[in-house]
Amino acid sequence: GCARDWDGLTCWPRATFGEVVQVPCPRFFEEITNIYGSFLQRNCTQEAYWSEPFPPYTIACGFDEGSSKGPEDQKSYYSAFWSVYTAGYAASVTSLITALIVFAAFRKFHCTRNYIHMHLFVSFILRAIAVFTKDAVLFADETVDHCLMSTVACKAAVAFFQFSILANFFWLLIEGIYLQTLLLLTFVSDKQYVWWFIFTGWGAPTAVMFIWVLTRIHQQNTGCWDDDENGVVLWIIKGPILLTVLINFVIFINVIRTLVHKLKSQEGGGSHSSHFVRLAKSTLLLIPLFGVHYVVFAFFPESTGLEARLYIELGLGSFQGFVVALLYCFSNAEVQSELKKQLCKWQHQEYLNFLHRTLSRENSPVNYVTQLSLLEKISPKRKISVYQDGVTSV
């Protein structure tokens, strides 16, 4: 028969002599032409050679070779888009690592609230690393045969990418649950719940990924696990993410209702209340910001609205980590005050060290002799005067 073949645009599966194979047009053609549901065919001849695709790509996929928006233009577009989201993820990683260092360096920030923030930061860092890893493994080599690309490395890269997305949404859920816990358990220490939060935030995504990997191995072990031929398998990941978004939406409504009630009745004043209000503002902004788009696209096939998905999930999504670091760390009045205080302390210490070094040099006998010898070399009159003073004193 005919071996599996990659013609540069489409992967053709293995076929027997005389078999006619039918495959859909490449997805990027659909974005160019807005024509969906077209198919190509090839025949496996008796000489074990593949025939030319029929109808040709230009006819079957509705692509006009004279069109200004050709594959090269599309490639250039995706290349520019890659630069944008790479810059976004780089900015997010830099800001998130800086925020982690700030929270870890100052003991004042060692509390349950910031521990949860730090785990959320780590999940966003992992997401950025996963995107870079996936791009490096799957798309770095343009000459690779995508029909034969089914290595452990590429499957692991895709699995790691899916895990990072799951961890993102679960830690955003933990932020919402923690906010709800502060409302319900005002007089109970929140430290006893830290390990439960950590176990849920990392354990749940790990369990989901374990199920997904086993299902892929036994039910759909094709390619690099980045296809979506079987929608049921993909829902193993989509389902838990949608559940976290829906739970967060319920928390969102309940927290707003409770917060308005508390502010109207003017209960629970003081610093704890101000901390809660600041945390509520940040978390309530993140819940709809990072959850709505997933609900919108979740019930449509992966090929639907591909360009919009790219803009939202990669373009805007690449800057989500930066937004999180900005809301929870850099725009926090406590953090700004502590950093200013530490900066003033460093400046004061540096000034004291400078004074100490200066006074030490001025009071040193060696320094006095050195200065005297320099004066003697520069000014002969000064030398005579010093000598006369010495004679007079004797």
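No experiment lies behind these values; they were computed from the predicted model shown. (Residues numbered from 1 in each chain as written. Predicted model: local features only at pLDDT ≥ 70, side-chain atom pairs only at ≥ 80, totals over all residues. Heavy atoms only, no water.)

### Some thoughts on the nonpolar core
Within soluble globular proteins, side chains that are nonpolar generally end up buried alongside one another.
Okay, step 1: By size, the foremost hydrophobic cluster in this structure holds 55 residues, and its most contacted members are Phe-103, Phe-121, Leu-166, Trp-171, Met-209 and Trp-212.
Okay, step 2: Listing elements by their share of this core, those giving two or more residues are helix H3 (71-105), helix H4 (112-139), helix H5 (152-184), helix H6 (194-219), helix H7 (231-265) and helix H10 (320-330).
Okay, step 3: With 15 residues, H5 is the largest single contributor of residues to this core.
Okay, step 4: Those residues in contact with Phe-103 that lie beyond four places of it in its chain are Phe-109, His-110, Asn-114, His-117, Met-118, Phe-121, Tyr-328, Cys-329 and Val-335.
Okay, step 5: Of all hydrophobic cores here, the second largest spans twelve residues; its members include Cys-2, Leu-40, Trp-50 and Tyr-57. (Core = buried A, V, L, I, M, F, W, Y, C linked by side-chain atoms within 4.5 Å. Buried < 20%, exposed > 50% of the residue type's maximum accessible area, 1.4 Å probe, protein only. Helix = DSSP H or I, 4+ residues; strand = E, 2+ residues; numbered from the N terminus. Contact = heavy atoms within 4.5 Å.)

### Side note on the state of the cysteines
Okay, step 1: Scanning all chains against the criterion turns up two disulfides.
Okay, step 2: There is a disulfide in this structure between Cys-2 and Cys-44, and the S-S distance comes to 2.1 Å. On the sign convention where negative is left-handed, the bridge of Cys-2 and Cys-44, at about 95 degrees about the S-S bond, is right-handed. Separated by 42 residues along the polypeptide, Cys-2 in the segment before strand E1 (5-6) and Cys-44 in the loop between strand E4 (39-43) and helix H2 (57-60) bring together distant segments of the chain.
Okay, step 3: Cys-44 gets classed as buried once you look at its relative accessible area, which sits at 0%.
Okay, step 4: Cys-154 shares a disulfide with Cys-224; S-S distance 2.0 Å. (Disulfide = S-S within 2.5 Å.)

### A look at the packing of aromatic side chains
To describe a pair of aromatic rings, you give the distance between the ring centres and the angle between the ring planes.
Okay, step 1: Applying the stated rule across the entire model yields eleven aromatic pairs.
Okay, step 2: Judged by centre distance (6.3 Å) and plane angle (25 degrees), the rings of Phe-163 and Trp-202 are stacked. Of this pair, Phe-163 sits in helix H5 while Trp-202 sits in helix H6, and the two are 39 residues apart along the sequence.
Okay, step 3: Given a relative accessible area of 18%, Trp-202 falls into the buried group.
Okay, step 4: Residues Phe-249 and Phe-252 carry aromatic rings whose centres are separated by 6.4 Å and whose planes lie at 20 degrees to one another, so their mutual orientation is stacked. Separated by three residues within a single helix, Phe-249 and Phe-252 lie in helix H7, roughly one turn from each other.
Okay, step 5: Looking at Phe-249, the relative accessible area reads 47%, which means it is partly exposed.
Okay, step 6: Through a chain of ring-to-ring contacts, three or more aromatic side chains come together here, namely Phe-103, Phe-106, Phe-109 and Phe-121.
Okay, step 7: Sitting above the plane of the Phe-161 ring, Lys-134 keeps its charged end 4.4 Å from the centroid.
Okay, step 8: The aromatic ring of Trp-235 is capped on one face by Lys-238, whose charged end is 5.5 Å from the ring centroid. (Phe/Tyr/Trp six-rings, centres within 6.5 Å; stacked < 30°, edge-to-face > 60°. Lys NZ or Arg CZ within 6 Å of the ring centre and 35° of its normal.)

### Quick look at the UniProt feature "transmembrane region" (unreviewed entry) in the protein chain
Okay, step 1: UniProt's feature table lists "transmembrane region" (unreviewed entry) at residues 82-106, 118-140, 160-186, 193-213, 233-256, 276-299 and 311-331, given in the numbering used throughout.
Okay, step 2: Along residues 193-213 the backbone is 95% helical and 0% strand, and the end-to-end C-alpha distance reaches 30 Å. (UniProt positions renumbered as here; feature names shortened; annotations may be inferred.)

### Topic: the side chain of Asn-114
Okay, step 1: Checked against the element boundaries, Asn-114 lands in helix H4.
Okay, step 2: Non-local contacts of Asn-114, meaning those with residues more than four positions away in its chain, are made with Phe-103 and Phe-109.

### Concerning a nonpolar patch on the surface
Okay, step 1: Taken together, the side chains of Val-84, Phe-319, Phe-322 and Leu-326 present a nonpolar region at the surface, about 310 Å² in accessible area.
Okay, step 2: Among the secondary structure elements, Leu-326 is positioned in helix H10.
Okay, step 3: On the accessibility criterion, Leu-326 (38% relative accessible area) is partly exposed. (Patch = residues over 30% accessible without salt bridge, like charges linked within 9 Å, V, L, I, M, F, W, Y side chains within 5 Å. Areas by Shrake-Rupley, 256 points an atom, 1.4 Å probe, with all protein chains shown as cover. Salt bridge = Lys/Arg side-chain N within 4 Å of Asp/Glu carboxyl O.)

### Quick word on the packing of H4 against H6
Okay, step 1: Contact geometry for H4 and H6: axes closest at 11 Å, N-to-C directions at 15 degrees. If you check the angle between H4 and H6, you find them roughly parallel. In this structure, H4 crosses over H6, and the sense of that crossing is right-handed. Across the interface between the two elements, Thr-112, Ile-116, His-119, Val-122, Ser-123 and Leu-126 from H4 touch Val-194, Phe-197, Ile-198 and Trp-202 from H6.
Okay, step 2: Residues that form the contact of H4 with H6 fall into these classes: seven nonpolar, three polar and no charged. (Axes fitted to C-alpha atoms, helices over the stretch in contact; angles between N-to-C directions. Parallel < 35°, antiparallel > 145°, perpendicular 65-115°, else oblique. Left-handed = near helix turned anticlockwise from the far one by under 90°. Nonpolar A, V, L, I, M, F, W, Y, C, P; charged D, E, K, R; others polar.)

### Topic: the packing of H4 against H10
Okay, step 1: The N-to-C vectors of H4 and H10 enclose an angle of 165 degrees; their axes lie 10 Å apart at closest approach. If you check the angle between H4 and H10, you find them roughly antiparallel. Here the hand of the crossing between H4 and H10 comes out left-handed. Of the residues in H10, those touching H4 at His-117, Leu-120, Phe-121, Phe-124 and Arg-127 are Gln-320, Gly-321, Val-324, Ala-325 and Tyr-328.
Okay, step 2: The class makeup of the residues in the contact of H4 with H10 is six nonpolar, three polar and one charged.

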